[in-house]
Amino acid sequence: MNIISEQTSKRKKEHLELSLNSDVSFKTKANGFEQYDFIHDATTEVEIDRITFKTIFFKKKINYPFLISCMTGGSSESENINAQLAIAAEELQIPIGVGSQRQALENENFRKSYQIIRKNAKSVPVLGNLGAAELIKLKSMDPIKNLINLIEADAFVIHLNPLQELIQPEGTPNFKGLLKSIKKLVKEIQVPIIVKEVGSGIGGRSSKKLLDAGVKGIDVAGAGGTSWAGIEMLRNKKATDDYFWDWGLPTSFCLKENVRLKNDYKFILIGSGGINSGVDAAKAFSLGADYIASARIILKELDSNGTEGVKDLITGWFGTIKKIMFLTGSNSLKDLRKKKLIRRELSY
Ligand SMILES: Cc1cc2nc3c(=O)[nH]c(=O)nc-3n(C[C@H](O)[C@H](O)[C@H](O)COP(=O)(O)O)c2cc1C
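In what follows, the accompanying structure is described. Keep in mind it's a predicted model, so treat the numbers as computed, not measured.

The subject of this paragraph is the nonpolar core. One finds A89, I94, I96 and I292 to be the most contacted residues of the largest nonpolar core, which totals 93 residues. With nine residues, the top contributor of residues to this core is helix α13 (residues 296-327). For I292, the contacting residues outside a window of four places in its chain are P65, F66, I270, G271, S272, I275, A281, A284 and F285.

Here you go:
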């Protein structure tokens, strides 16, 4: 194994360990959903048992508009994790993302850790993943085509992580040429391109540039959940200004900004970043998310209670969402998006 690839696998391992065993949540900033209350509808006539969440994700039928966020791959530990996450995704019939495929660009050692997702999740949408820092280095898009083929990806995700690259000991905080590379990618790749953050959020201004470049999906991955600056600070022995632990746009704010762009652009909006309960999820839908996604809470549930735990967690959340839909007079998620929230400070 060459040195770069060894470093990549080691980093993946440390990310998993810190995500599971350390408190790497935002410290002073929340996802923003706590500022909202649902508007109770005393006259509800919703038939709770008739509510369904079945929908489509890029041409494939799914049971819930919930995505297991891109997390891991490229190390020996990640093969087992991905194998189990994929079983949960297949049984629930929900989309799943693989973690950054950078390692698979570097050599062939851990290809199975990515392929296992498609092997165990044959019928659901599977999403490929690469960081923008890697994308901008590519002279041709052929390597991305290979990454897509490796897992028969239905869509490909580029993650933007300027904060993480800035704090990461071996990071490369240089994204010069980003939008040009994304335009080229959109033009040359057959599957839809989604762009996500990793916890600092994508606000309206950034999204507009990405949508103008042709991307078909925005996953806001806002602040309030896992702090990637926090994870890198724990890895980085050099002192870094603690201020950056909590840097970023809260998830609720990102959703509000992005939903306005729906008047002018056709794209899917994914709400993620600290979605850690059915109530968070319902509020994300209410603020305009078409789909929601979670990462670290799913990993932790898998670690504690295995595949069944992950399935129960997700179905439990949708049980909560049904109750909220009943109480807000919402027959469908479309109804739930129609002004069902009130800002707390204005309400009483
Ligand atoms: C262990 C772990 C590894 C991750 N690796 C990736 C990755 O390779 N690519 C990516 O786009 N996001 C990655 N993420 C970020 C998540 O997809 C997500 O955007 C972020 O953690 C915020 O969501 P959360 O608050 O639900 O954890 C990772 C998250 C975790 C917890």
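Around the ligand, the structure places 26 residues, and the nearest of them are S100, H159, G225, T226 and A295. Elements with a contribution of two residues or more to the shell around the ligand: α1 (3-21) and α13. Its residues assigned to classes, the shell around the ligand shows nine nonpolar, 15 polar and two charged.

Bringing unusual backbone geometry into the picture now. Non-glycine residue Q93 carries a positive phi angle of around 60 degrees. Within the secondary structure, Q93 sits in the loop between α2 (76-92) and β5 (96-97). With 16 C-beta atoms packed within 10 Å, Q93 lands in the partly exposed category. The residue A221 is not glycine, and still its phi comes out positive at about 35 degrees.

Turning next to the pairing of strand β11 (residues 291-294). Of the two faces of β11, both are covered, the one formed by Y291 and A293 as well as the one formed by I292 and S294. Taken together, the three bridges between strand β4 (residues 66-68) and β11 define a ladder with parallel strand orientation. Within β11, the position partnered with F66 by the bridge is I292. Bridge count for strand β10 (residues 268-272) against β11 is three bridges, and the pairing is parallel. Within the sheet, the bridge partner assigned to S272 lies in β11 and is A293. In this view, the connection linking β10 to its parallel neighbour β11 by way of helix α12 (residues 278-286) has right-handed handedness.

On to the packing of α12 against α13, then. At a minimum axis separation of 8 Å, α12 and α13 run at an interaxial angle of 55 degrees. Taken together, the axis directions place α12 and α13 in an arrangement best described as oblique. The interaxial crossing formed by α12 with α13 has right-handed handedness. Contacts between α12 and α13 pair G278, V279, A281 and A282 from the former with G316, W317, F318, G319, T320, I321 and I324 from the latter. Looking at the contact of α12 with α13 residue by residue, the class counts come to seven nonpolar, four polar and no charged.

This brings us to the environment of Y64. With respect to the helices and strands, Y64 occurs in the loop between β3 (60-62) and β4. For the pair Y64 and P95, spaced 31 residues apart in sequence, the C-alpha separation works out to 8.8 Å. Not counting residues up to four positions away in its chain, the partners in contact with Y64 are F53, L92, I94, I314 and F318.

An α-helix turns once every 3.6 residues. As a result, residues three or four positions apart point the same way. Among the nine residues of α12, eight are classified as buried, and the element is accordingly described as predominantly covered. Those residues of α12 lying buried are G278, D280, A281, A282, K283, A284, F285 and S286.

What counts and what doesn't
Residues numbered from 1 in each chain as written. Predicted model: local features only at pLDDT ≥ 70, side-chain atom pairs only at ≥ 80, totals over all residues. Core = buried A, V, L, I, M, F, W, Y, C linked by C-beta atoms within 7 Å. Buried ≥ 20, exposed ≤ 12 C-beta atoms within 10 Å, placed from the backbone. Helix = DSSP H or I, 4+ residues; strand = E, 2+ residues; numbered from the N terminus. Contact = placed C-beta atoms within 7 Å. Near = placed C-beta within 6 Å. Nonpolar A, V, L, I, M, F, W, Y, C, P; charged D, E, K, R; others polar. Pairing = 2+ DSSP bridges. Right-handed = clockwise from strand over helix to strand, strands pointing away. Axes fitted to C-alpha atoms, helices over the stretch in contact; angles between N-to-C directions. Parallel < 35°, antiparallel > 145°, perpendicular 65-115°, else oblique. Left-handed = near helix turned anticlockwise from the far one by under 90°.

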